[in-house]
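A closer look at the structure
Here is what each chain is made of, one letter per residue.
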Amino acid sequence: MESLLVSTLVVAIAEIGDKTQLLAIILATRFKKPVPIILGILVATLANHALAATAGYWVSDLLSGAWFKWAIAISFIAMAAWALIPDKADDEDAPSARRYGVFMTTAIAFFLVEMGDKTQIATVALGAKFHSIGWVAAGTTLGMMLANVPAVYLGEAATKVVPLKYVRIGAAVIFLLLGLWQVAELVGILK
């Protein structure tokens with residue numbers, strides 16, 4: 001249960017202001033069809049994050065040892081720094097909806113844009129840390145939906161409620177705490 005809750009929290013906060021959330025806003029304002037957009041986000045995120053959690057799980061099996069656990073801790077701390085960097089959406093990332101329809105356009109765009117994104121990399125790290133594909137993928141997908149569904153319905157107005165600068169700082173603090181948690185476990189402060 002811890003892996004589900006931590007994964008949900010980490011990704012929900014990290015996703016705010018992320019390029020995929022900006023993509024959700026662009027798609028919502030362009031197509032004005034929230035249900036197929038939300039379903040496209042769900043399908044793309046489930047597929048992408050299941051693969052990412054699986055990669056983390058396998059990597060942790062292959063590379064067990066103190067140095068690998070230090071690499072996970074450092075990756076969380078690096079994610080804290082990355083979270084402070086604003087993302088920009090790029091309209092060229094999305095395929096044409098006329099060709100594929102709103103659902104497929106969203107699913108394809110989200111899957112591709114999420115590749116190498118901080119939430120995907122966080123999912124790999126969470127899969128390695130918690131050694132749980134299902135709970136981590138479910139948690140990170142839930143976190144993505146918690147951040148993106150309001151963005152689809154509220155569009156640009158959602159970004160005016162809380163300045164993204166403060167959200168990025170909050171996400172950075174959470175990633176830093178996860179990294180420090182891992183370090184504390186490695187040096188024996190937490191068991």
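Computed from a predicted structure; not experimentally measured. Each chain carries its own residue numbering, running from 1 in the written order of its sequence. Totals for whole chains, interfaces and linings use all residues, but because this is a predicted model, local features are given only for residues with pLDDT of at least 70 and pairs of side-chain atoms are given and counted only at 80 or more. As a rule here, side-chain values cover all heavy atoms of the structure and leave hydrogens and water aside.

**Observations regarding the overall build of the protein chain**
So the rule is basically this: Counting from the N terminus, the helices are DSSP H or I runs at least four residues long and the strands are E runs at least two residues long. Each residue gets one of three labels from its accessible area relative to the maximum for its type: buried under 20%, exposed over 50%, partly exposed in between, using a 1.4 Å probe on protein chains only. Here, residues are in contact when the closest pair of their heavy atoms is within 4.5 Å. Only the protein chains shown count as cover for residues, and the accessible areas themselves come from Shrake-Rupley with a 1.4 Å probe.
A tally of helices and strands in the protein chain yields nine helices and zero strands. Listing every helix and strand of the protein chain by position from the N terminus yields α-α-α-α-α-α-α-α-α. Taking all 191 residues of the protein chain together, the buried fraction comes to 46%. Here the analysis covers contacts within the protein chain between residues at least 6 apart in sequence; of these, 90% occur between residues at least 24 apart. Roughly 9,300 Å² of accessible area belongs to the protein chain as shown, and the carbon and sulfur atoms make up 70% of that amount.

**Section: the UniProt feature "transmembrane region" (unreviewed entry) in the protein chain**
Just so we agree on the cut-off: UniProt positions are given in the numbering used here, feature names are shortened, and annotations may be inferred rather than shown by experiment.
UniProt marks residues 38-59, 66-85, 97-113, 133-154 and 166-190 with the feature "transmembrane region" (unreviewed entry), using the numbering shown here. With 100% helix and 0% strand, residues 133-154 has end C-alpha atoms that lie 31 Å from one another.

**Thoughts on a nonpolar patch on the surface**
Condition: Patches draw on residues past 30% relative accessible area with no salt bridge. Two like charges within 9 Å are joined, as are two nonpolar side chains (Val, Leu, Ile, Met, Phe, Trp, Tyr) within 5 Å. Counted as salt bridges are all cases of a side-chain nitrogen of Lys or Arg within 4 Å of a carboxyl oxygen of Asp or Glu.
Together, Val 35, Leu 39, Val 43, Tyr 100, Phe 103, Met 104, Tyr 153 and Leu 154 give the surface a local cluster of nonpolar side chains, amounting to about 730 Å² of exposed area. Of all the elements in the fold, those that place two or more residues in the nonpolar patch are helix H3 (34-62), helix H5 (97-114) and helix H7 (133-154). Mapped onto the elements, Val 43 comes out in helix H3. A relative accessible area of 41% places Val 43 in the partly exposed class.

**Here's the deal with helix H1 (residues 2-15)**
How we decide: Helix span, expected: 1.5 Å multiplied by one less than the number of residues in the helix.
Counted at 1.5 Å a residue, the expected span for H1 with its 14 residues is 20 Å, and the 20 Å between its end C-alpha atoms agrees. Summarising burial for H1: 10 of the 14 residues are buried, a large majority. Every buried residue belonging to H1 is among Ser 3, Leu 4, Val 6, Ser 7, Thr 8, Val 10, Val 11, Ala 12, Ala 14 and Glu 15, and all of these are buried. Of the residues one or two after H1, Gly 17 is the one with positive phi, at around 85°.

**Here's the deal with the packing of aromatic side chains**
Rules: By convention, a stacked pair of Phe, Tyr or Trp rings (six-membered ring in the case of Trp) has centres within 6.5 Å and planes under 30 degrees apart, an edge-to-face pair has planes over 60 apart, and any other such pair is tilted. Any Lys NZ or Arg CZ that is within 6 Å of a ring centre and within 35 degrees of that ring's normal is treated as a charge sitting over the ring.
Under the defined criterion, the tally for this structure stands at one aromatic pair. The ring of Phe 130 carries the charged tip of Lys 129 above its face, separated from the ring centre by 5.7 Å. Here Lys 129 stacks its cationic end above the ring of Trp 181, 4.4 Å away from the centre of that ring.

**Looking at the pattern of salt bridges**
Pairs can form between side chains of opposite charge once their charged atoms are near each other. What the rule picks out here adds up to one salt bridge. Note that Lys 129 is salt-bridged to Glu 185, the shortest N-O span being 3.3 Å. With Lys 129 in helix H6 (residues 118-130) and Glu 185 in helix H9 (residues 164-187), this residue pair connects regions lying 56 residues apart in the sequence. For Lys 129, a relative accessible area of 17% corresponds to the buried category. Residue Glu 185 is classed as partly exposed on the basis of its relative accessible area of 33%.

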